[in-house]
Amino acid sequence: EVTLDLHDERLGHAFPTGIKIAADELPEPAGPEFRLLYERQNFGAPIPEALRAFAERVPTIDARFFVTAVLTQREAGGNLSEILDRLASVMRERFRIRQEVRTRSAHGRVSAFVLAGMPPVLAALMMAANPKQMMLMFTDPLGVKLVMAGVVLQVAGVLLVRKIVDIRY
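Reading the values: rules and limits
- Residues numbered from 1 in each chain as written.
- Predicted model: local features only at pLDDT ≥ 70, side-chain atom pairs only at ≥ 80, totals over all residues.
- Heavy atoms only, no water.
- Core = buried A, V, L, I, M, F, W, Y, C linked by side-chain atoms within 4.5 Å.
- Buried < 20%, exposed > 50% of the residue type's maximum accessible area, 1.4 Å probe, protein only.
- Helix = DSSP H or I, 4+ residues; strand = E, 2+ residues; numbered from the N terminus.
- Salt bridge = Lys/Arg side-chain N within 4 Å of Asp/Glu carboxyl O.

(A) Up close: the nonpolar core. Counting residues in hydrophobic clusters, the biggest one holds 23 residues, and the most contacted among them are Phe15, Phe34, Leu51, Phe54 and Phe66. Among the secondary structure elements, those contributing two or more residues to this core are helix 2 (15-25), helix 3 (30-42), helix 4 (47-57), helix 5 (61-76) and helix 6 (80-129). When residues of this core are assigned to their parent elements, the largest contribution, 6 residues, is made by helix 5.

See below:
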């Protein structure tokens, strides 16, 4: 986790200088994006326009939060460093929740993997143990229907479990 202090008012830096500091201190891919933001506004692009272009290039909700917070502060006024502090704490909390969700849903993902792999493994073991009896599943019309039904239900089950453990945060 990379943290960066953009407390421009407390440090006495202007907002563009804070963007330059972010560009210099952040690793890729964030650093170059902040550098481009800084360069665009430094070469004459209005800050709102440069920020909107930044939000379009960086397709994350955190980037949109940042741009919205800065643009709102520029229009309505207020303490930018306090706004950015609150935004940073929201981003950290979202990251923490994302990690917690991934940890808690790991059991479901592993269960889905095991349940999806069990029927083919059992079929292979049964084929190795008694090929004549297992071939009946592929030669008899009822066996073929049962295999097809099993595959359809298996795919449906995997998709359902995947949907359940894919939690949006």
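(B) The arrangement of the pattern of salt bridges in detail. One pass over the structure, following the stated rule, counts 8 salt bridges. Salt-bridge contacts for Asp62 lead to Arg94; the nearest nitrogen and oxygen are separated by 2.5 Å. Taken together, the positions of Asp62 in helix 5 and Arg94 in helix 6 put the pair 32 residues apart, joining distant regions of the chain. Classification of Arg94 as buried rests on a relative accessible area of 19%.

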